[in-house]
Each structure stands twice: as C-alpha cells, then as structure tokens.
Amino acid sequence: MDFFSEMRGSRQPATLSSHYDAVSFDFLAMLWQRRVLILSMACGSMLIAALATMIMPPRYAADLVLQFDFTREDATSGGGKSSSVALDASTLVESEARIIRSLATARAVASRMGLDSEPEKPASSLSGLLAGAAELIFSSPVRNRIRDFLGLGGAGPMTVPARRDIVAQKLLSSLTVSNDAKAYLITLKYQDTDPDRAARIVNAFGIEYLRRKMEATASASQRSSQWFGLQAQEARTNLVRIDKEIEDFRIRTGFVELGQDGADMQQQQLRDMLAQLNAASVTRLAEETRLHRAQVSLAAGNVPQATDLGGSPVVQALLDEEGKARRALDEMVSSAGDRHPAVARLKLTLTSVQERLKKQLVQSVANIETDVQAARAAEAALSLRVAALQTKSIESRGLEGQLKTLQAEATAARDRLKQLSDAQQQSSAVSELRPVVAQILAPAEVPSLPASASPTLVLGLALMGGLAAGASLSYALEKRDRGFRSENEFAAETRVNCVGLLPNLEHYPSGLESLVFAEAVRSTVAGMFPPTNPPKVVLITSSAPGEGKSFVASAMARVLAKMGQRVLVVDGSPRRLLLGENFPHEALLDQCLPQGGDVAADATPVATVRRASGLRDGQNVYSNPAFEAMLREARARYDIILFEVAPVLLSADSALLREHADTVLHVVKWNDTRKTTVATTLDHLARLGLDVGGIVLNCVDLEEQGRYNASDRGQIYRDYKSFYQASA
C-alpha cells in the first residue's frame, strides 16, 4: 500500500513552496519504499548495542581536581598580592593540562606504580574470540605486523621501555583532562573496570604532576642563583679593570679635570677671537668691494665715487679745477669762437688739469690696494690665532671625554655588580621557599557507581544511528539508480509526455497480463494517432540499444492493422538478419496481439521492410535515390509508416530522416536507461528540428514497480486486475 500516492502525481511545481513540498513527499516516499532496509539496519544496530552492553564490563570513573593560583606576595605593596603572570592565565592552564596529558608523565606514573611489571589481565570473552579468529585467519608473522601497526606490540618478548610505553599509552587512552579557564581548574578523570585502580591511577597522575612542578621550580631557582653568581664575578672583574684604566690614563696624559670656571674662560677667549675674525673679514670684503668699483670706474674712463676714494681733498680740488676750466672754455667758445687764441690757451689748461687728475686717481687706487692687502693680512693673523685656540679646546675636550667615558663605565659596572649581588641573595633565599602554583583541591575517591551509559540510552542511540544509517543508505541507493520508473517523471524532468506504459510481456506471456499489454498498446496508439490529422511517418527512436524499439513497432503495427490501417514497418536498424528470419518477440506478440481481422487469408496485414546492411557497408542507404522512390511509393500505398532507426546518439540515421518524419516516438526501457542519457537524446532531437510526439516506457515490471510506489497507469493496472478478469 502506498501512503503517499495521493500526495504525489504528475506535477510541475509552479512555486517555490510547491517545489519543496514535492521534494519532501518524494523523500518520504523513498523512506517508505525502503522501510524494510531501514528497519533492518535499526534492529541490527540495537542488537549489536545490546550484545556490546552485555559483553563489555562496567567501567568506573575517578575524578581529581587541581586548582592553580597565579598570584604572589608583593613586598613593596605591604604584603598584598599581585599577578605574577605575564601571559593570559587561561593559556597557562591549557599548557599545564597538556603537560599532564604528556607521554612522559604517563611513563613516570607507570614506572612508580609498577604497572609495567604487572602480569597482563586475562582477555575478555569478546577479545578472546577475536584473537582466536585472528589465529585461524592470519599467520604468525602477519599477526605480529598487525599488532605492531596498531601499537599493541608483537607476540615475542618485549623490552622494559617498550612495555612501559605500551602501558603509558593505555593509561593516556583512559585518561581525560579538562580545564576551566575562568576558575583556573583542571579536572582529571580516569576510567577503568576496577574502581580502586581508577582512583589510585588518577591520584598518581596528580601527585606526579605536582612532584615534577616542584622539582622544576627548585631546579630553576638553583640554576638562577648559580647564573647570578657567575655574572656577579664577571662584573667585579670588569670593575677592577676599568679602575686600573682610569688611573693609567691620568698618569699617561697628565690631564686634570677643569672646573666650571676654567671651561668658561677658554670658551670666552675663543668667542672674542671669533668676533675679531668676523670683523676683519667684513673689513676685507668692504675694501675689496671699494677697490673693485674704483677699478671698474677708472677703466670705463669715469671718476670713481668720493666714498670709494676715501674723500681725497687733492682729487676733489682737481675735479673743481677741471670744472672751472671746462666752463671757461665753453664761455670763450660761445663768445669768441673756436679760432680765438684764448680758446687754445684754455684747452691747454684743461688738458693739463685732466692729466694731473688722472695721475691722482691712479695714486688713489694704489692706496686702496694697499688698504686691501692690510685687511687681508689682519684677517689671516686672526685666523691663525682662532685655529690655535680651537685645537687647544678640542684636545682638552677629547681628553675630558675619554676620562668621563671611563668613569661612566666604572659607575655602570658598580651598579650592575650591586644588582647581581642582590639578585643572587634573593634567589638563594627563595630557592627553598617558592610555592607551587597548583594544588590538589579534591583528590579522587573510590567510585561506587559505574560511569558507563545506561542501557536505555545506548539502545536509543543505536536506534537513532541505525535509522539515520538506513535513511542515508536508502538515499544513496535511490541516487545510484537513475532510470525512469514512472511515466510521471518524464513530464517533470524532460517536459515530454509519456503516451504509453507497456508491461514486460516476457514475465507474463499469457493470461490476464496479455490483456493488460494489449490495452496498453492500444492506449499508446490512440495517444499517438488522433482521429484528425494523424501523422503519416513516425520515427521510432531510442537512446541506447536494447530499448525494445522493434517490439514496440511490431505491437503498434498490429493494433493499427486491426483498426483497418495499412501499415508499413521499416526496420532501419543496422542488423544482419537472414532473409525470412523473424525476431523472438514475434512469438510473444502472437499470444496477445494475434494477426487477423478482415484481411484475406493469403494477405499480410502488416508489411515489413528490413535493412540488410550494416554500418560498414550501408553508409549511404538513406541518401540513395532508390530509397527516395521507395518512400514516395510507400506514402502513396500505406496509411502509416513506422520507421525504426538506430539509437539517436550512436548513429546519424535520425538526422538523415528528419525531413521525411512527421513525428518521433521515443522508446525508453523502464528502470534501465539513465535519465541523463534520455535528456541528452531529447535535446539532440530538438536541435535537429524533430517533434517528439511522446515517449513509451517499455518493459515495465509491474510487480517490481509496486515497490517504488509509482503513481501512474502501472498502479492502476495492478490495482484493478479484476476488470480484466471480468472482461476476458
């Protein structure tokens, strides 16, 4: 019975909600279809869990709690507490938890408790059973390799370190270490079948951890004290060496430190000399500039300025005399003319004055040059004195700097020696008094109740796990099988309607099933050939070989012949059959669709033309003019031509015949042909311009289809067989 048949059906989700509803219903239908598998896995899981619960001994858990204190007494703050942790305390707690879980701690616990020398416990019944099975299946070398690979050790004698490591690994496998970062707590939990042993082992882990921390703390303090002592000895030796260097420096250089007054006097002398040097430089520059202007004016034939000549009275008198002679000459020329004897005398007088003025200007320029040389000599003398003072100051500063450097090194060495001595004394004083940051807050006690999960919880988890595993396996099986199982799937996935669903006649060759098959073929014919405008040439195609095209074509031809139609079946598949040889399905069709009717006894109601060539020797069958003539004659003589061709994607026959075909009937084998292959074939036919009128789902196993809860005509055929019994 299908509880979801009314929910599902031929549907094309139009909205997002309806799409998800359809997906949900399909998933529920899949679970219902695989209900036997899911329930079997759930029952098997519960059975295994029950057997494991009965066989495995109860385990007891013992807990130990460690608390950490990351504070210390601060002497500078009146005995208050201050943090001694530079990093995050939660990180340190996690680090300590890793130390407890380390293999070294487990080895120490195994060695101190003598667990590595205890005899092995007798194996449980389940372990003994597995060991016996392994001895029967595997040889001794193979068993030893497997034990080595799993870390269980070989069958031969083991060394003491190897046995201790194996025991340590077993201890760590049963030990659980958890930490609370906020409260600075670490909880150790150990599980064992013996409650007393569990308490002893977990307490041993806590004690071993504290012992290692105390040893590490004491060892670190001792190493610190020794290191501070060595550093102090080196600092003391260095201080003696620096004091000796200072004494040798004073003896060698004879340098005496100057006080504040001595340093100021030297600087004042240097500043005065620098001021005089600057003044001399300014004077030299002024004299050189005056000399340059005078020389330029004299070279141009002009008279230098009075400021450049230094206000010389002789030059000024000559200039005045020249001016008077020039004015007298001009007046005489204007009144008496150029030829007057007085004009000649005045010209001689003016020339004489100009000659004397020129000589006096040359002499004045020579005087300026003498002043420039004197200024340069004064500047050079001052430069030498400044250089001498600077050299003396630099030498004094250098010696003073060297001495101060040595004195600073001596001061630093004394400070370092004091610090190292104090640190050594403090390290020696607290080496035996430094507390451990962890303490056992709650030691483990012998547990009285087992820590194993309750049988109800185990069975419940096994049930849930079995159901989940069964559902997952069912989904995987459902996805692995990609064939079409229902005619409703075609409309949803290929958007092509399924016009016929033909049962597998090989499983039901006679009886009521033959009636079901005959009516299914008639229904297919009625869907493909409407009363008005029926197609003339129908291409019968498939996606892969073995889909049953010939079977479908023969069955449809017989039904059409009984309906009074003249039918021609063209078997265009490239097969090699002997002349007159029939297909095996003809005998099956004779049982449910016998040939007969109103035709004469010596006539054949269905005409058949078969291709006699294969692919190698029949490449141009459909491009031959003889085929064109045969097809024209067939169109005139027959009402319907059923043309079976090779698989679409494996041959070019469909593309060559597309101009002759009115429609296409695509045959798909039930639960066999992959959905992706069918979709690719239909897309190829659409690209060729062929109209796919419908799909026939062939070779449907009605009983097997019932397992998939398919809601289509196959379900109707199964549910209403009584109709055919009453109508037989």
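As the structure is a prediction and not an experimental result, all values here were calculated from the model.

## Here we look at the overall build of the chain
On a plain count of helices and strands, the chain comes out with 22 helices and 13 strands. Expressed as a percentage of the 728 residues in the chain, the buried residues total 35%. Taking all contacts inside the chain whose residues are at least 6 apart in sequence as the whole, residues at least 24 apart take part in 80%. About 42600 Å² of surface is accessible on the chain, with carbon and sulfur atoms providing 57% of the total.

## Quick look at unusual backbone geometry
Although it is not a glycine, Asn533 sits at a positive phi angle of roughly 55 degrees. Structurally, Asn533 can be placed in the loop between helix 14 (512-528) and strand 8 (537-542). For Asn533, a relative accessible area of 73% gives the class exposed. Here Cys699, not a glycine, exhibits a phi torsion of approximately 60 degrees, which is positive. Mapping Cys699 onto the fold places it in strand 13 (residues 692-700).

## With respect to the packing of helix 4 (residues 103-113) against helix 7 (residues 160-174)
Taken N-terminus to C-terminus, the directions of helix 4 and helix 7 make an angle of 110 degrees; their axes are 8 Å apart at the nearest point. Overall, the two elements helix 4 and helix 7 adopt an arrangement that is roughly perpendicular. As helix 4 packs across helix 7, the resulting crossing turns out to be right-handed. Residues Leu103, Ala106, Arg107, Val109, Ala110 and Ser111 of helix 4 lie in contact with helix 7, whose contacting residues are Arg164, Asp165, Val167, Ala168, Gln169, Leu171 and Leu172.

## Here's the deal with the pattern of salt bridges
Tallied over the full model, the rule gives 20 salt bridges. Among the salt bridges present, the one from Asp192 reaches Arg197, with a minimum N-O distance of 3.3 Å. Among the residues examined, Asp192 registers a relative accessible area of 9% and is labelled buried. Under the relative-accessibility criterion, Arg197 is labelled buried at 13%. The partner of Glu208 in a salt bridge is Arg211, with the nearest N and O atoms 2.4 Å apart.

## Comments concerning the packing of aromatic side chains
Under the criterion given, the structure shown has three aromatic pairs. Here the aromatic rings of Phe484 and Phe490 are separated by 4.2 Å at their centres, their planes lie at 15 degrees, and the arrangement is stacked. Each member of the pair, Phe484 as well as Phe490, carries the same accessibility label: buried. A ring pair is formed by Phe627 and Phe643, whose centres lie 6.0 Å apart and whose planes are at 75 degrees; its orientation type is edge-to-face. Of the two residues, Phe627 is situated in helix 17 (residues 625-637) and Phe643 in strand 11 (residues 640-644); the sequence distance between them amounts to 16 residues.

## Some details on the nonpolar core
Core analysis: the biggest nonpolar cluster contains 70 residues, and Phe517, Val521, Phe529, Leu593, Leu642 and Leu697 have the highest contact counts within it. By residue number, the principal contributor to this core is helix 15 (residues 549-562), which donates nine residues. Residues within four places of Phe529 in sequence aside, it is in contact with Pro534, Pro535, Val538, Met556, Leu560, Ile640 and Leu642. Core analysis: the next-biggest nonpolar cluster, separate from the first, contains 29 residues, Leu115, Val167, Ile186 and Tyr209 among them.

## Some words on the sheet that holds strand 5 (residues 185-192)
The four strands are arranged 4-5-1-6 in an open sheet whose pairing can be described as antiparallel. Strands with a single pairing partner mark the edges of an open sheet, and in this sheet they are strand 4 (175-180) and strand 6 (438-442). Neighbouring strand axes in the sheet, compared pairwise and without regard to direction, differ in orientation by 25 degrees on average. Packing against the sheet, helix 7 makes contact with strand 4 and strand 5, and its axis sits at approximately 50 degrees to strand 4.

## Details of the pairing of strand 8
By the criterion of burial, strand 8 is predominantly enclosed, with six of the six residues buried. Residue alternation in strand 8 divides its side chains into two sets, Val537, Leu539 and Thr541 and Val538, Ile540 and Ser542, and both sets are buried. In the sheet, strand 8 pairs with strand 11 via four bridges, with the strands oriented parallel. Directly across from Leu539, in strand 11, lies its bridge partner Phe643. Note: strand 8 against strand 12 (residues 663-669), five bridges, orientation parallel. Within strand 12, the residue paired with Leu539 across the bridge is Val664.

## Observations concerning helix 7
Between its terminal C-alpha atoms helix 7 stretches 21 Å, which fits the 21 Å expected from 15 residues at 1.5 Å a residue. Inspection of helix 7 places Arg163, Ile166, Val167, Ala168, Leu171 and Ser174 among the buried residues, and these make up the whole buried set.

## Regarding the sheet that holds strand 13
The strand order 7-13-12-8-11-9-10 describes an open sheet built from seven strands, whose pairing is parallel. Sheet topology places strand 7 (498-503) and strand 10 (606-610) at the edges, where each strand pairs with a single neighbour. If you compare each strand with its neighbour and ignore which way they point, the axes differ by 20 degrees on average. Relative to strand 11, strand 9 (residues 567-571) runs parallel, the two sharing five bridges. Directly across from Val570, in strand 11, lies its bridge partner Phe643. Against the sheet, helix 15 touches strand 7, strand 8, strand 9, strand 10, strand 11, strand 12 and strand 13, its axis set at about 170 degrees to strand 11.

## Structural notes on the confidence of the model for the chain
Counting all residues, the mean pLDDT for the chain is 77, and 78% of those residues have values of 70 or more. Averaged pLDDT values over the elements of the chain bottom out at 47 in strand 3 (residues 80-83) and peak at 95 in strand 12. Across residues 1-13, confidence stays below pLDDT 50; counting only partners more than four residues off in sequence or on other chains, it has 28 contacts.

What counts and how
- Residues numbered from 1 in each chain as written.
- Predicted model: local features only at pLDDT ≥ 70, side-chain atom pairs only at ≥ 80, totals over all residues.
- Heavy atoms only, no water.
- Helix = DSSP H or I, 4+ residues; strand = E, 2+ residues; numbered from the N terminus.
- Buried < 20%, exposed > 50% of the residue type's maximum accessible area, 1.4 Å probe, protein only.
- Contact = heavy atoms within 4.5 Å.
- Areas by Shrake-Rupley, 256 points an atom, 1.4 Å probe, with all protein chains shown as cover.
- Axes fitted to C-alpha atoms, helices over the stretch in contact; angles between N-to-C directions.
- Parallel < 35°, antiparallel > 145°, perpendicular 65-115°, else oblique.
- Left-handed = near helix turned anticlockwise from the far one by under 90°.
- Salt bridge = Lys/Arg side-chain N within 4 Å of Asp/Glu carboxyl O.
- Phe/Tyr/Trp six-rings, centres within 6.5 Å; stacked < 30°, edge-to-face > 60°.
- Core = buried A, V, L, I, M, F, W, Y, C linked by side-chain atoms within 4.5 Å.
- Pairing = 2+ DSSP bridges.
- Expected span 1.5 Å × (residues − 1).
- pLDDT = per-residue confidence, 0-100.

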